[in-house]
Amino acid sequence: MTRRRLIFVVRRLAGMAGLLAVVSFVVFALLHLAPGNPIDALLGPRPRSPETVQALTREFHLDRPFLEQYWIWLSDAVRLDFGTSIQTTLPVSEEIASRLPTSLLLGLYAFVITMISGVGLGVLAAVKRGGPVDRAVVGGVVVGMSTPAFVAAVVLLYAFAIQIPWFPVFGQGAGGLDTLWHLTLPAIALAMATCALVVKHTRSSIAGVLDQDYIVFARARGLSVPRILFRYSLRNALIPVITVSGLVLTSLIIGAVLVEVTFSVEGIGQLLVKSAVAKDIPMIQGVTLLTAALVMGANLLADIIYMVVDPRIRMGT
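Because the structure is a prediction, the values reported are computed rather than measured.

Peer 1: Go over the packing of helix α5 (residues 92–127) against helix α12 (residues 268–278) with me, naming the residues and quoting the values.
Peer 2: One can describe the packing of α5 onto α12 by two numbers: an axis separation of 8 Å at closest approach and a directional angle of 135°. It follows from the interaxial angle that α5 and α12 lie oblique. Residues Glu95, Ile96, Arg99, Leu100 and Ser103 of α5 touch α12, and the partners they reach there are Ile268, Gly269, Gln270, Leu271 and Lys274. For the contact of α5 with α12, the class distribution of residues is 4 nonpolar, 3 polar and 3 charged.

Peer 1: So what about the pattern of salt bridges? Which residues, and what values?
Peer 2: Applying the stated criterion across every chain, the model contains 3 salt bridges. The partner of Arg64 in a salt bridge is Glu68, with the nearest N and O atoms 3.3 Å apart. Residue Arg64 is classed as partly exposed on the basis of its relative accessible area, which comes to 37%. Classification of Glu68 as partly exposed rests on a relative accessible area of 35%. One salt bridge connects Arg79 with Asp76, and the closest N-O pair in it is separated by 2.6 Å. Overall, Arg79 belongs to the exposed group, its relative accessible area being 59%. Its relative accessible area of 22% is what places Asp76 among the partly exposed residues.

Peer 1: Any chance you could break down the nonpolar core for me, citing the residues and the numbers?
Peer 2: Of all hydrophobic cores here, the largest spans 37 residues; its most connected members are Val123, Leu185, Leu190, Val198, Ile206 and Phe263. Within the residue set of this core, elements represented by two or more residues are α5, α7 (149–163), α8 (177–210), α9 (213–220), α10 (225–237) and α11 (239–262). Broken down by element, the residue count for this core peaks at 11 residues, all from α8. If near-sequence neighbours (up to four positions away) are discounted, Val198 is found in contact with Thr114, Met115, Gly118, Val119, Val241 and Val248. In terms of nonpolar packing, the next biggest core, distinct from the first, is built from 15 residues, Phe82, Val92, Ile268 and Leu271 among them.

Peer 1: Describe a nonpolar patch on the surface, and please don't skip the residues or the numbers.
Peer 2: A surface patch of nonpolar side chains, about 470 Å² in accessible area, is lined by Leu19, Val22, Phe25, Val26 and Leu67. It is helix α1 (residues 3–33) that contributes the most residues to the nonpolar patch, 4 residues altogether. Within the secondary structure, Leu19 sits in helix α1. Classification of Leu19 by relative accessible area gives partly exposed; the value is 46%.

Rules used in this analysis
Residues numbered from 1 in each chain as written. Predicted model: local features only at pLDDT ≥ 70, side-chain atom pairs only at ≥ 80, totals over all residues. Heavy atoms only, no water. Axes fitted to C-alpha atoms, helices over the stretch in contact; angles between N-to-C directions. Helix = DSSP H or I, 4+ residues; strand = E, 2+ residues; numbered from the N terminus. Parallel < 35°, antiparallel > 145°, perpendicular 65-115°, else oblique. Contact = heavy atoms within 4.5 Å. Nonpolar A, V, L, I, M, F, W, Y, C, P; charged D, E, K, R; others polar. Salt bridge = Lys/Arg side-chain N within 4 Å of Asp/Glu carboxyl O. Buried < 20%, exposed > 50% of the residue type's maximum accessible area, 1.4 Å probe, protein only. Core = buried A, V, L, I, M, F, W, Y, C linked by side-chain atoms within 4.5 Å. Patch = residues over 30% accessible without salt bridge, like charges linked within 9 Å, V, L, I, M, F, W, Y side chains within 5 Å. Areas by Shrake-Rupley, 256 points an atom, 1.4 Å probe, with all protein chains shown as cover.

The following block contains the structure:
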């Protein structure tokens, strides 16, 4: 990695740290922005007693100034200590750690489906420009981009788990291939909208490259279409697709919330919804901060891949 690129990565990491600090402040303020007394929000439906109030005041440092409370919470959050869940009385970090692998697997599964099907359909539509195949793919893109992930989840669940029982109705399986089988429908539901985005960018990018003079010359030499595509076109054409891959990952992370609820997948999305319903503020704080960090990391990873694939890009200018 050149010095310029290293400086770019360091700057991005510093920017991420600053933005994450802002997000952490907003997330921490949720406790004080909630209606009523912070003690009421932390107690939830549990009975109130002087001992309980005193214990919560001591645990969350509610007798100290707001900024001092934030600094203490942030110091613990940096060590991945987000306190104790109101619902389960277990450490928030343990609850998140038990569910995070399932969400990461679901997101990775959906990302693979998105990129393989999106790039494949985009290339097919570009090669068959103006024909019925192209029009069918473009029509599918319009439908896919217009369909929210939770709507796609309900339709797929009804069609392929209830009417045609090919896939499990709920849960994440017992591990291994069984888990992949359980996560197939949720991953497809997540991938539909993002796949449409990848198809759109791939089609327009490949179509532009196929009109270049060197591609016309390659065709005139009698080279086969697969050779032209894979040897001459894809490297340059896929750079815009790599650029939007960060947006794809972000969409998958955000869309996983309602998809996990629909399929009863015990991931961090479902955990966030349950915590919001139960007003479990320590859990909401931990999951929200983790989600923000994952979104920022996904965008940084996309930028690094973009930088590696296209050495002509001058970072930091």
